[in-house]
Amino acid sequence: GFHRQILFTTVGWFVGYYLAKRTEYIYAKLDRELFEYVRHHPEDFKTTEKKRIGELLEDFYPVR
């Protein structure tokens, strides 16, 4: 009946809320570990000079 729908909706909301918080925690923990690794090993993550868009694209020759 209607009371089961209310019960399952409530249980589903709480389970979904818990799972969403857990995934956020897992991803935040992973981000923290990766940023810490990058901070301790800067030689592995050297920054390259930025290229202009014209240097990235090939020259355009229209075909007629």
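For the structure given in this document, a descriptive report is provided here. Computed from a prediction, not measured in an experiment: that's the story for all the values here. (Residues numbered from 1 in each chain as written. Predicted model: local features only at pLDDT ≥ 70, side-chain atom pairs only at ≥ 80, totals over all residues. Heavy atoms only, no water.)

For the rest of this paragraph, the subject is the overall build of the protein chain. What the protein chain contains, in helices and strands, is two helices and zero strands. The C-alpha radius of gyration of the protein chain comes to 25 Å, more than 25% above the 11 Å expected for a compact globule of 64 residues. Along the three orthogonal principal directions, the C-alpha set of the protein chain runs to about 70 × 50 × 10 Å. Counting over 64 residues, the protein chain shows a buried share of 0%. Surface exposure of the protein chain reaches about 7100 Å², of which carbon and sulfur atoms provide 62%. (Helix = DSSP H or I, 4+ residues; strand = E, 2+ residues; numbered from the N terminus. Rg over C-alpha atoms; globule rule 2.2 N^0.38 Å. Buried < 20%, exposed > 50% of the residue type's maximum accessible area, 1.4 Å probe, protein only. Areas by Shrake-Rupley, 256 points an atom, 1.4 Å probe, with all protein chains shown as cover.)

To continue, consider the pattern of salt bridges. Throughout the structure, instances matching the rule amount to two salt bridges. The salt bridge partner of glutamate 36 is arginine 39, with a shortest N-O separation of 2.6 Å. In this pair, glutamate 36 and arginine 39 are both assigned in helix H1 (residues 2-40), three residues apart and thus about one turn of the helix distant. The class for arginine 39 is exposed, based on a relative accessible area of 56%. (Salt bridge = Lys/Arg side-chain N within 4 Å of Asp/Glu carboxyl O.)

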